[in-house]
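Letter by letter, the chains look like this.
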Amino acid sequence: MFEAYWNAHKDDHVKVGYANDTLSYFVKSKEQEGCPWFVSALLDDAIRELHSFVGNAVTGDRAIVVGNGSTQLFQAALYALATRDGTSTPVVSEAPFYSAYREIIDYLQSKLFHWAGDSKTFHPKANETFIEMVTTPNNPCGTMREGLGLGDKGTIVHDLAYYWPTYVPIISSFDSDVMLFTLSKCTGHAGLRIGWAVVKNPAVAKKMAEFVALNTIGLAQDAQSRAAGLIRTVIRGYGGKRRQDHCIADDNFEISLSDPKYLLAHEIRITEALLAKKFFHWSRQVMESRWVKVRSALAGNKNFSLQNNVASATHTFSTCTFSGTSHSTYPAFIWLKCEKEGTDCQMILKRNGILGRNGALFGVSTQYARLSLLDHEPAVDLLVERLTTLEC
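Description of the structure in this document. (Residues numbered from 1 in each chain as written. Predicted model: local features only at pLDDT ≥ 70, side-chain atom pairs only at ≥ 80, totals over all residues. Heavy atoms only, no water.)

## Thoughts on empty space enclosed by the protein
Counted by the stated rule, this structure contains four cavities of 30 Å³ or more. Reported here for the second largest cavity is a volume of approximately 60 Å³. Pro137, Asn138, Asn139, Pro140, Gly142, Tyr162, Tyr167, Val168, Pro331, Ala332 and Phe333 together form the lining of the second largest cavity. Residue composition of the lining of the second largest cavity, by class: eight nonpolar, three polar and no charged. (1 Å grid on protein atoms, 1.4 Å probe; cavity = no way out; pocket = protein on both sides within 12 Å on 5 of 7 lines; lining within 4 Å. Points joined across faces, edges and corners; volume = space filled by probe spheres on them. Nonpolar A, V, L, I, M, F, W, Y, C, P; charged D, E, K, R; others polar.)

## Things to note about the sheet that holds strand β11 (residues 333-338)
Taken in spatial order, the four strands make up an open sheet running β8-β11-β13-β12, and their pairing is antiparallel. A strand with exactly one partner marks an edge of an open sheet, and here the two such strands are β8 (304-306) and β12 (357-358). Relative to strand β13 (residues 368-372), β11 runs antiparallel, the two sharing five bridges. Within the sheet, the bridge partner assigned to Leu336 lies in β13 and is Ala369. (Pairing = 2+ DSSP bridges. Helix = DSSP H or I, 4+ residues; strand = E, 2+ residues; numbered from the N terminus.)

## So, helix α11 (residues 377-388)
Between its first and last C-alpha, α11 extends 17 Å over 12 residues, near the 16 Å set by a 1.5 Å rise per residue. Buried residues of α11: Val380, Leu383, Val384 and Leu387, and no others. What you see down the axis of α11 is that its buried residues fit within an arc of 100 degrees, all on one side. More than 90 degrees from the buried face of α11, the exposed residues found are Pro378 and Glu385. The inward-facing, buried residues of α11 contact α9 (279-298), β11 and β13. (Expected span 1.5 Å × (residues − 1). Buried < 20%, exposed > 50% of the residue type's maximum accessible area, 1.4 Å probe, protein only. Arc of directions from axis to C-beta. Contact = heavy atoms within 4.5 Å.)

## Quick look at the pattern of salt bridges
Applying the stated criterion across every chain, the model contains 11 salt bridges. In this structure, the salt-bridge partner of Arg48 is Asp44, at a minimum N-O distance of 2.6 Å. Of this pair, Arg48 and Asp44 both sit in helix α2 (residues 41-54), separated by four residues, roughly a single helical turn. The buried category is assigned to Arg48, whose relative accessible area is 17%. Across the pair Asp381 and Lys293 runs a salt bridge whose closest N-O atoms are separated by 3.4 Å. Placement of Asp381 in helix α11 and of Lys293 in helix α9 is noted, with a sequence separation of 88 residues between them. Judged by its relative accessible area of 21%, Lys293 is partly exposed. Sharing partners across several salt bridges, the network here consists of Arg290, Lys293, Glu377 and Asp381. (Salt bridge = Lys/Arg side-chain N within 4 Å of Asp/Glu carboxyl O.)

What follows is the structure, given as structure tokens:
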């Protein structure tokens, strides 16, 4: 999806460096100030500036740990938070949970931690330490979550990959112990493999950085430099102004799925945001447009139902502190349910020419399936077309 924006602004200057750069494993960092090794000062500053600009996370007096995507930092967090008393620390997450949590833990077969399933059915033993993964907004369903808070022995790791104005209204700055982010869901640059964690406890941050050092000897300096440049390019598009000060025309009105004037007006706003280099305004408008089409395609289908917050025309709007406007959530994925008992939604979708991921991977029934809305525009239009004629 993000290619359309960056193709339009491919000449934006994002400096990488010179041939005599990156000769050392180590990078110019703030390590002398207590920050972890391998984090460039340039990227550290850019990340803090981005969160301050968007208002989605507190970074003051926090350590920034970078890794090869948030996938590596998820592992680093488990490594840092697991007990070292000879027992294996349970890791839980409320279903439907992000499928990679279970897959990665099962793959690692670590003696430090193990997958313990759905947090709703998990009952910790007396004095048992455990880790709860809280993805918010959630992947796959897009709902905002706070965690179940199962006891004072539990540590929550917030996976905030999708907590950007693209997908949800920013309503507050998260300030939890460990917060995970990834550039791929922020600017779209998945190939750079840049993720970062904002960590309160310096000892936990040091342990996480130790894992990254042992696992991959840090993170490519060129990738860090390019990521810092991209982040600053996004901020620069708003002229250095903060949050509500940079609003462009953004009408708030109830969506009329049958009114072609709405879609035309929406396309105009998308183009305006693109030309004005308002990245988050553009990406949010694109996601809203896609959800309008999806809702319209499934509006009269009695066999399938959307399980996302935007499933009905009366979904809740919230005021975004970043844009100053009121709007709904526009998740990155469609969370679809086949209403016929005992069916395999993924297989039904496949028969209709649609690729999706089985609900069982996310800890729920096969009646559910996840579909991505982050593809290129022609692919999304084809998906909508096939959803319109979807049959069991």
